[in-house]
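Residue-level structural notes
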Number of protein chains: 2
Amino acid sequence: MTNILINYQKLHETTRDLFVAIGCSRTDAILIADVLIAAELRGIPSHGIARIIDYMAMYEARRINIQPKPKVVHETPSTATIDGDNAFGMIPGYMAMNLAIEKAKTCGSGWVSVNNSNHYGIAGFYAMMALKNNMIGISSTNANPLVAPTFSVSRFLGTNPLAVAIPAGKYPPFVADFATTPIARGKLAMMEKKGLKAPAGFVQDKKGYSSDDPAILKDGGAILPLGGDYEHGSHKGYCMGALVDIFSSVIGGANFGPFVPPQIPYLPIPENQPGKGLGHFFGAFRIDAFRPASDFTRDMEKWIETFKQAKPAEGHSEVFIPGEPELRNENKYSVEGIPVLDKTWSSIQEIAVKLKLEI
Amino acid sequence: MTNILINYQKLHETTRDLFVAIGCSRTDAILIADVLIAAELRGIPSHGIARIIDYMAMYEARRINIQPKPKVVHETPSTATIDGDNAFGMIPGYMAMNLAIEKAKTCGSGWVSVNNSNHYGIAGFYAMMALKNNMIGISSTNANPLVAPTFSVSRFLGTNPLAVAIPAGKYPPFVADFATTPIARGKLAMMEKKGLKAPAGFVQDKKGYSSDDPAILKDGGAILPLGGDYEHGSHKGYCMGALVDIFSSVIGGANFGPFVPPQIPYLPIPENQPGKGLGHFFGAFRIDAFRPASDFTRDMEKWIETFKQAKPAEGHSEVFIPGEPELRNENKYSVEGIPVLDKTWSSIQEIAVKLKLEI
């Protein structure tokens, strides 16, 4: 596998044009491109343009509504629920995060759940939307079930990420964006391709025994929650994943756990679903909701300074603030171009040919 | 070490009387006893009556205000901050959670931060207060710094727990209450006493190398974040611990990270503290904030049924819902009596003698 470098603006235009070509509105197509290219820039290619291939397959299987009209279906002063109308997840996701921000303006905090949605890209994109308003942003989503609860072999949870973005005054923001598992599905696939073994604590076999086979999911295995096994606190990772699941589904009426609709068309939609589509959950806090903004900012700057001055362990040269590595990627890739696997690019070119689009 | 069994009501009365004897109001003393005995009943003795010893030592060192007047110092419709007036943490904690619940009644959600506080017992106690109002409750706190960020040797974070309680209709509630580390300080001390080694991924030495010595904290070592090492996702545990720290401190004006005042009197209070005391953060959501309550309850019941039916791994007989093991302890210990280490009980008896109290 080799990488080619592609300018991020070019990649954004291509992505936009592909979604316009299947019938998305220009606004929606730009938003989808915004989220996918943000992932590429931040160095998270598992959630970047490679997803175009899955998204297009989902569209062809008629599992996505490309002309959606998401709408608010329930509301209180600080909360709301949006029905995503089975859109690509970015469309109700963006609408929901903006509504959370609006509610925070009047209430101090705002919280919006989304049901009837699909894969929404990186959780961090939405959390970071709050930063422009000098607010704290929160974003989470449930996902394809691949993770077994502690002591179980049932694949009942997704990698269920949580993202929180916190403005930090004169410093770059604190941005945590992490799956509630030790590893994402994409990294296992990469290990398999490279012929590597999976480290202990990543996956288990169909009986629940520890496995080092990165392909074990094809044989009834499962990803483990953050922590790995019970001794190392996997019940805490299970709690985290379960909380993201419940907040993304039961709260607002989406499907939970094993009922979450797979975001790849060759896997069937589960029967007897209790809810609508896949779900997300968003939140926003004004930084002056708890004390004057200047006090918050002064102390958040001091928090960053303090943790940046943590003494590195032997063999390490620095300690990172959450979001710092991704920001460095962004600075690098926006100038040098985004490294794209040639195989991924060929697949996207094939889609373009089918859509009679020159890229 | 042997255990003696003591009736939980007797233990509650004793605890109450001890705090009344040092000058706490009867109301405050009952509340402190409520929280400590709740920990004992739920099988979390590290946060139970053993803490009386530390609390009394903190009082004797004049590091606690036993006649506090906590007050609201900042407010928006859905948020507030309480200055804890350097009380035992239970007093502003209880006040804050009740205020979050009141705000949720009118706004859909309510959020209250507390500064100038101290150790507040188990996080779950406050989260569970929401259940009586058929609401979701959230509680977190920062704590004595013992945990090193990923790639660091600096002890900058506490075990920083997060608790979330969710009502589940006809079933017992979902109650997650967990530290953001693989292990709590108390368990390391227990391993040391028993002459056991610590499993890999629990602690590191002063240079940052993996260690199996449960006493390594006395020699500059640190507890690791949930995940253990970077390969196993410790940066995710670090993110979690950092988020609990920031929400418990920077948001409302308490001290963060290494500046958190130790809750044991032989450790000095850090110099140049940026905030006031130790901090907590509380939240509440109405279950009908996002859709009708009956829809939420129906699906939460179905969530519980689904996860309870997860297939156990080989060698295990059942899969647990978060909070289920603690509820079983409660049912058992409330009938059979609470097992108390004889050494702990002797220490408490000594305190009683000093306070001229018969127990």
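Model, not experiment: these values are computed from the prediction.

Next up on the list: the overall build of chain A. Across its full length, chain A holds 10 helices and 12 strands. For chain A, whose C-alpha radius of gyration is 20 Å, the value lies close to the compact-globule estimate of 21 Å for 359 residues. The dimensions of chain A, computed from C-alpha atoms along their principal axes, are 55 × 50 × 45 Å. The buried share among the 359 residues of chain A stands at 59%.

Another point: the domain arrangement of chain A. All names here are of chain A. Here the domain parsing of chain A yields domain 1 (1–67 + 337–359) and domain 2 (68–182 + 226–309). Counting across the domain 1 and domain 2 interface gives zero salt bridges. Where domain 1 meets domain 2, there are eight residue pairs in polar contact (both at pLDDT 80 or more). Secondary-structure elements contributing two or more residues to the side of domain 1 that touches domain 2 are α2 (26–41) and α3 (50–60). Broken down by element, the side of domain 1 that touches domain 2 gets its largest block of residues, eight residues, from α2. For the side of domain 1 that touches domain 2, the class distribution of residues is 16 nonpolar, three polar and six charged.

Residue and element names in this part refer to chain A. If you walk across this open sheet you meet the seven strands as β2-β3-β4-β11-β5-β6-β7, and the pairing is mixed. For this open sheet the edge positions go to β2 (71–75) and β7 (171–178), each flanked by a neighbour on one side alone. Here the strands of the sheet are splayed against their neighbours by 15° on average, with no regard to which way each runs. Direction of pairing for β2 relative to strand β3 (residues 79–83): antiparallel, over a ladder of four bridges. When the bridges of β3 are listed, E75 appears paired with A80.

Interfaces are often sized by the accessible area lost when the parts come together. Counting residues at the interface gives 92 residues for chain B and 92 residues for chain A. The contact between chain B and chain A buries some 7,300 Å² in all, and 70% of this surface belongs to carbon and sulfur atoms. When residues of chain B are sorted by the area they lose upon contact with chain A, F151, K236 and F290 of chain B head the list and together hold 11% of the total. The interface formed by chain B and chain A holds two salt bridges in total. A salt bridge links K207 of chain A to E314 of chain B; the nearest nitrogen and oxygen atoms lie 3.9 Å apart. Taken together, the links from chain B to chain A amount to 36 residue pairs in polar contact (both at pLDDT 80 or more). The element contributing the most residues to the side of chain B that touches chain A is helix α7 (residues 234–248) of chain B, with 10 residues. Here the residues of the side of chain B that touches chain A sort into 54 nonpolar, 26 polar and 12 charged.

Contact geometry of helix α8 (residues 293–308) of chain A with α7 of chain B gives a least axis separation of 12 Å together with a crossing angle of 145°. For the crossing formed where α8 of chain A meets α7 of chain B, the hand is right-handed. Contacts between α8 of chain A and α7 of chain B involve M300, W303 and F307 of chain A from the first element and Y238, A242, D245 and I246 of chain B from the second.

Okay, helix α9 (residues 324–336) of chain B next. Between its first and last C-alpha, α9 of chain B extends 18 Å over 13 residues, near the 18 Å set by a 1.5 Å rise per residue. Residue G337 of chain B follows α9 of chain B closely and has a positive phi angle near 105°.

Let us now look at the relation of the copies chain B and chain A. Overlaying chain B with chain A gives an RMSD of 0.0 Å, the required rotation being 180° about an axis along which the chain moves by 0.0 Å. Given the turn and translation reported, the copies of this chain are related as if by a two-fold rotation axis. Every residue of chain B has its C-alpha some distance from the rotation axis, and the shortest such distance is that of G227 of chain B, at 2.3 Å. Of the residues that chain B buries at the interface, 100% are likewise interface residues in chain A, meaning the two copies contact each other through the same surface.

Moving residue by residue along a regular strand, the side chains alternate between the two faces of the sheet. Residue and element names in this part refer to chain A. In terms of residue burial, strand β4 (residues 109–117) counts as a mostly covered element, since nine of its nine residues are buried. Where β3 meets β4, five bridges bridge the pair, whose relative direction is parallel. Looking at the pairing, I82 lines up with V114 of β4. Handedness of the crossover is the feature at issue here: the chain leaves β3, passes through helix α4 (residues 90–107), returns alongside β4, and the resulting connection is right-handed. Two strands pair when backbone bridges link them, and β4 and strand β11 (residues 278–286) are joined in this way by seven bridges, in the antiparallel orientation. Among the inter-strand pairings, G110 is bridged to a residue of β11, identified as A284.

The next subject is the pattern of salt bridges. Following the criterion strictly, the structure yields 36 salt bridges over all chains and no others. Note that D17 of chain B is salt-bridged to R16 of chain B, the shortest N-O span being 3.0 Å. D17 of chain B gets classed as partly exposed once you look at its relative accessible area, which sits at 27%. Residues joined in a network through salt bridges with shared partners are R291, D295, R298 and D299 of chain A.

Residue and element names in this part refer to chain A. Here we have three strands laid out as an open sheet, ordered β9-β8-β10, and antiparallel in their pairing. Each edge of the open sheet carries a strand with a single partner, namely β9 (210–211) and β10 (222–223). One ladder, built from two bridges, connects strand β8 (residues 203–204) with β10; its direction is antiparallel. By the bridge assignment for β10, Q204 is matched with A222.

Our focus in this paragraph is the environment of H235 of chain B. Residue and element names in this part refer to chain B. Residue position: H235 is located in helix α7. Measuring from C-alpha to C-alpha, the distance between H235 and P265 comes to 31 Å, with 30 residues separating the pair along the chain. With near-sequence residues (within four places) excluded, H235 lies in contact with T150 and Y230.

What counts and what doesn't
Residues numbered from 1 in each chain as written. Chains lettered and ligands numbered in written order. Predicted model: local features only at pLDDT ≥ 70, side-chain atom pairs only at ≥ 80, totals over all residues. Heavy atoms only, no water. Helix = DSSP H or I, 4+ residues; strand = E, 2+ residues; numbered from the N terminus. Rg over C-alpha atoms; globule rule 2.2 N^0.38 Å. Buried < 20%, exposed > 50% of the residue type's maximum accessible area, 1.4 Å probe, protein only. Domains from an automatic or database assignment. Salt bridge = Lys/Arg side-chain N within 4 Å of Asp/Glu carboxyl O. Polar contact = N/O pair within 3.5 Å; in protein donor to acceptor, adjacent residues only side chain to side chain. Nonpolar A, V, L, I, M, F, W, Y, C, P; charged D, E, K, R; others polar. Pairing = 2+ DSSP bridges. Axes fitted to C-alpha atoms, helices over the stretch in contact; angles between N-to-C directions. Contact = heavy atoms within 4.5 Å. Buried area = accessible area lost by both parts, 1.4 Å probe. Left-handed = near helix turned anticlockwise from the far one by under 90°. Expected span 1.5 Å × (residues − 1). Least-squares fit on C-alpha atoms with pLDDT ≥ 70 in both. Right-handed = clockwise from strand over helix to strand, strands pointing away.

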